[in-house]
Amino acid sequence: MQTAIPSTREETVREMEELRRLLHYHSHRYYVLDAPEIADAEFDRLYQRLVKLEQAYPDLITADSPTQRVGGTPAEGFERVAHSVPMLSLANAFSAEDLLAFDTRVKSGLDGEPLEYVVELKIDGLAINLVYEAGRLLRAATRGDGTEGEDVTTNVRTIKAVPLVLNCQVPPVMEVRGEAYMPRPAFDRLNEERLQAGEALLANPRNAAAGSLRQLDPKVTAARTLDIFVYGMGAREELTVGTHEQTLRFLQELGFKVNPHFKVFKTIEEVIDHCESWAEKRVDLPYDIDGLVIKVNSLAGQRRLGSTAKDPRWAIAFKFPAEQATTIVEDIVVRVGRTGVLTPTAVLRPVRLAGSTVSRATLHNEDYIREKDIKIGDTVIIHKAGEIIPEVISVVFSRRTGEEQSFTIPEICPECGSLVLRIPGESAHKCINSACPAQLREGIIHFVSRDAMNIDGLGQAVVTSLVDAGLIADAADLYTLTAEQVVKLERMGPKSAQNLINAIAVSKQAGLSRLLFGLGIRFVGAKAAATLARHFGDIDLLRQAAEEDLTALDEIGPRIAESVVEYFARPETEQLLTKLAAAGVKLTEEKRRTTEGLPLSGKTFVLTGTLPTLTRSDAAALIESKGGKVASSVSKKTDYVVAGEEAGSKLDKAQQLGITVLNEQELQHLLGGA
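Every chain is numbered independently, its residues counted from 1 as its sequence is written. Reporting of local features is limited, given that this is a predicted model, to residues whose pLDDT is at least 70; pairs of side-chain atoms are given and counted only at 80 or more, and all residues count toward the totals for whole chains, interfaces and linings. Heavy atoms throughout the structure, all of them, feed into the side-chain values; hydrogens and water do not.

All right, on to the sheet that holds strand 7 (residues 173-181) then. When DSSP finds two or more bridges between two strands, those strands count as paired. Under the DSSP-based scheme used, a helix requires at least four consecutive residues in state H or I and a strand at least two consecutive residues in state E, with every element numbered from the N terminus. Strand order in the open sheet formed by 4 strands is 5-4-7-8, and the pairing between neighbours is antiparallel. Of all strands in the sheet, those bounded by a partner on one side alone are strand 5 (136-142) and strand 8 (227-236). Each adjacent strand pair in this sheet contributes to an overall mean axis angle of 30 degrees, direction not counted. Convention adopted: a line fitted to C-alpha atoms gives each axis, helices being fitted over their contacting stretch, and angles between N-to-C directions are expressed from 0 to 180 degrees.

The structure is reproduced here in structure tokens:
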């Protein structure tokens, strides 16, 4: 590839057009077909060449250029746009009887015509309408009320599986319908980042996808790793296909990502068997589905059947029975986290749900409570979000008596009595007192956790007892405790007290990486802490760093840099670090060294499941000490997946991609050989 700018404008135009064609082609191979033809490094070279030419000729930048997938400036809001063909909702079926009744209605409407059904997975995401003019993406909008939605074009451009230019001859104007979603690995990674940053967790992948597409800053959307499956068309001028199956095949030919699990059936009995089989198989998918969609295959048949005001008569959604329970909100309490954020929780009348007794459920924030109109005393329906976190999903308004009580986030912190303020631009409320006992308690619980200072025997109950007894006022006070003080705590014998003091002493040598994570600096997770520790090597050098010094490092963005500088500028931070140093806590770490020449240099590992003797942090540290890199998700770039007990979807994907899978013994052998 040449490096100089072509001597004429015409030559530049030709090269830019060819680069765009190649980049669109290879993006489609990678993100849609999952079958790349070139190495990532070669793709990057093509991309950087286009960037260089566009910088030299900014007037030649086109809206469909691969470089324009992420817009530069945040929007002020979303305009409403009309759909040329309404996006109708679907009627629901919840049983085999419902599907048999649907089949009877269809046969009656078609009056004996030959009948086939296409069955597709019902992706649990956000419906999107894509409008193409002359084969180029013009606009993307949410479903909205079915007639008009919000213009989210800039954000949808960040989804790599959405083609900006179609690769076949197409009608002048074409609407393509699809479901934008967040894959489970991306959702888990996002929530882990929010957990480490002290932010409220997102309820489920669907909410995360919807919230990501409605971000005013498209760079935030781009960082959320959204994907899309298309499932049909709206306006389709001059398009001659006879069946829905042919429509899906045509969309695939155009470069769209169509879910591969669609099938054609001739009888409703086959459809019912297929739907019921997916009730169990769905857990193996790397994305969420909440049912299947059954459609009459013939487009002529669809037109004959027509639609009601709300839904088409030729399609129906078979919904999986979600495990839900009905109970009563007996109270709403507030928990203050280590960053001061107040999280409301519903205290429920105990009820069995998904194999366990549930007595509490998250209410996320005050906006969520207002949106659902949840009151103390309400009868509510709950489920387990992601089959893990109990969540209130709706109120049974017909059971209201008028004695229910409204709830608002308190203006005064329930733990310390300080003022509570809403964080600008967010839905969270926060206690402004950094010395709040709840923040102290939660901060110390985080400080001693496994991925931080890893102090064995110092769990939530013991930390609470130490704080309540006035024995500790910050994390540094842990290192001045004596066995004589600890033994006076409830349920703490002499041996347990001494073991705890010994574990605290051992943690002094944990090193700067674990300490930085344990300090709970906002937005600084375990990975960012390790990057900072290995680069600077000494906390004094890190404290002197400016924001530009920090953002120069890989994986350290402006938000983290600003937070780190602000944290080390606080007087209370100076006091805490002085106490930690006086106690003999190690404030240094071996500086980052090049991995070149190390035996595992260039090798990427992913850890999944529970290993027999190593924690994930220990395994990651061993791999990185030999030059390897530990990633959070499996991709074609992964060299090894280390799997323990209860390994999940990461192991399945590794096996699908033919990636080498190691157990702990094989990992130890590889490390020993290295």
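The subject of this paragraph is the pattern of salt bridges. Each reported salt bridge corresponds to a side-chain nitrogen of Lys or Arg within 4 Å of a carboxyl oxygen of Asp or Glu. Enumeration over the complete set of coordinates arrives at 32 salt bridges. The shortest N-O distance in the salt bridge between Glu113 and Arg304 comes to 2.1 Å. Taken as a pair, Glu113 in the loop between helix 3 (96-110) and strand 3 (117-123) and Arg304 in helix 10 (residues 299-305) lie far apart in primary sequence, 191 residues in all. The salt bridge partner of Glu415 is Arg441, with a shortest N-O separation of 3.5 Å. A residue pair is termed long-range when its members are at least 10 positions apart, and Glu415 in the loop between strand 16 (389-395) and strand 17 (420-422) and Arg441 in helix 12 (residues 437-447) qualify at 26 residues. Only protein chains enter the accessibility calculation, which uses a 1.4 Å probe. A residue is then buried if its area is under 20% of the maximum for its type, exposed if over 50%, and partly exposed in between. Its relative accessible area of 16% is what places Arg441 among the buried residues. Within the structure, one salt-bridge network assembled from shared partners comprises Arg335, Glu415, Arg441 and Glu442.

With that settled, the discussion passes to the layout of surface pockets. Gaps left between atoms are located by rolling a probe of water-molecule size over the structure's atoms. Buriedness for pockets is judged along seven lines, at least five of which must meet protein on both sides within 12 Å for an open set on the 1 Å grid over protein atoms alone, while cavities are sets there where a 1.4 Å probe fits but cannot get out, and lining residues have an atom within 4 Å of a point. Grid points are joined across faces, edges and corners, and a volume is the space filled by probe spheres set on the points. Within this model, the second largest pocket holds a volume of roughly 1400 Å³. Lining the second largest pocket are 45 residues, with Met87, Leu88, Ser89, Leu90 and Tyr231 positioned closest to its centre. Elements with a minimum of two residues in the lining of the second largest pocket: strand 3, strand 4 (126-133), strand 7, strand 8, strand 10 (289-296), helix 10 and strand 11 (315-319). With 7 residues, the single largest contributor to the lining of the second largest pocket is strand 8. Of the residues that constitute the lining of the second largest pocket, the class distribution is 19 nonpolar, 11 polar and 15 charged. Any residue outside Ala, Val, Leu, Ile, Met, Phe, Trp, Tyr, Cys, Pro, Asp, Glu, Lys and Arg is labelled polar, Gly included; the first ten of those are nonpolar and the last four are charged.

This paragraph deals with the packing of helix 3 against helix 9 (residues 268-281). To characterise two packed helices, one gives the angle between the axes of the helices and the distance between these axes. For the pair helix 3 and helix 9, the least separation of the axes is 10 Å and the interaxial angle reads 150 degrees. Taken together, the axis directions place helix 3 and helix 9 in an arrangement best described as roughly antiparallel. The interaxial crossing formed by helix 3 with helix 9 has right-handed handedness. Across the interface between the two elements, Ala96, Leu99, Leu100 and Asp103 from helix 3 touch Ile268, Glu269, Ile272, Cys275 and Glu276 from helix 9. Residue composition of the contact of helix 3 with helix 9, by class: 6 nonpolar, no polar and 3 charged. Roughly parallel means an angle under 35 degrees; roughly antiparallel, over 145; roughly perpendicular, 65 to 115; everything else is oblique. When the near helix sits turned anticlockwise from the far one by under a right angle, the crossing is termed left-handed; a clockwise turn instead gives a right-handed crossing. The contact criterion used is simple: two residues touch if any of their non-hydrogen atoms lie within 4.5 Å.

Take the UniProt feature "binding site: NAD(+)" (unreviewed entry) in the protein chain next. Those residues carrying the UniProt feature "binding site: NAD(+)" (unreviewed entry) are Asp40, Ala41, Glu42, Phe43, Asp44, Ser89, Leu90, Glu120, Arg143, Glu179, Lys295 and Lys319 in this numbering. Looking only at the residues we just named, the second largest pocket is lined by Ser89, Leu90, Glu120, Arg143, Glu179, Lys295 and Lys319. Mapped onto the secondary structure, Asp44 falls in helix 2 (residues 40-56). Taking the relative accessible area as the measure of exposure, Lys295 reaches 8% and is therefore buried. UniProt positions are given in the numbering used here, feature names are shortened, and annotations may be inferred rather than shown by experiment.

For the rest of this paragraph, the subject is a negative patch on the surface. Together, Glu269, Glu270, Asp273 and Glu276 make up a negatively charged patch on the protein surface. Structurally, the position occupied by Glu276 is in helix 9. Patch membership is restricted to residues that have no salt bridge and whose relative accessible area is over 30%. Joining uses 9 Å for like charges and 5 Å for the nonpolar side chains Val, Leu, Ile, Met, Phe, Trp and Tyr. The Shrake-Rupley method, run with a 1.4 Å probe sphere, supplies the accessible areas, and residue values consider only the shown protein chains as cover. His is not counted, nor are the chain ends; Lys and Arg add positive charge and Asp and Glu add negative charge. By convention, charge coordinates are those of NZ in Lys, CZ in Arg, CG in Asp, or CD in Glu.

The next subject is the UniProt feature "binding site: Zn(2+)" (unreviewed entry) in the protein chain. Taking the UniProt record as the reference, the feature "binding site: Zn(2+)" (unreviewed entry) is found at Cys413, Cys416, Cys431 and Cys436. Of the residues just listed, which span 24 residues, no C-alpha pair is farther apart than 8.7 Å, and they cluster in one region. Along the chain, Cys431 turns up in strand 18 (residues 429-431). Beyond its immediate chain neighbours, meaning those up to four positions away, Cys431 contacts Gly340, Leu342, Cys413, Cys416, Ser418, Leu419, Val420, Cys436 and Gln439. On the secondary structure map, Cys436 appears in the loop between strand 18 and helix 12. Setting aside its immediate chain neighbours within four residues, Cys436 contacts Val336, Cys413, Glu415, Cys416 and Cys431.

With that settled, consider the domain arrangement of the protein chain. Residue ranges labeled as domains rest on an automatic or database domain assignment. Domain boundaries in the protein chain define domain 1 (9-60), domain 2 (92-319), domain 3 (324-422), domain 4 (437-508), domain 5 (512-583) and domain 6 (604-671). Here the C-alpha centre of domain 5 lies 23 Å away from the C-alpha centre of domain 4. Across the contact, 14 residues belong to domain 4 and 10 residues belong to domain 5. Across the domain 4 to domain 5 interface the summed buried area is about 1000 Å²; carbon plus sulfur atoms make up 65%. Each of two parts loses accessible area, computed with a 1.4 Å probe, when they are put together; buried area is these two losses added.

Further remarks concern the nonpolar core. Take the buried Ala, Val, Leu, Ile, Met, Phe, Trp, Tyr and Cys residues and link them wherever side-chain atoms come within 4.5 Å; each set so joined is a nonpolar core. Formed by 59 residues in total, the largest nonpolar core has its most connected members in Phe447, Ile455, Leu478, Tyr479, Leu516, Leu519 and Leu580. The two domains that each donate at least three residues to this core are domain 4 (437-508) and domain 5 (512-583). When residues no more than four places from it in sequence are discounted, the contact partners of Phe447 are Ala452, Met453, Ala475, Leu478, Tyr479, Leu515, Gly518, Leu519 and Leu580. If you look at the next biggest cluster of nonpolar residues, it comprises 39 residues, including Val162, Met182, Phe187 and Leu251.

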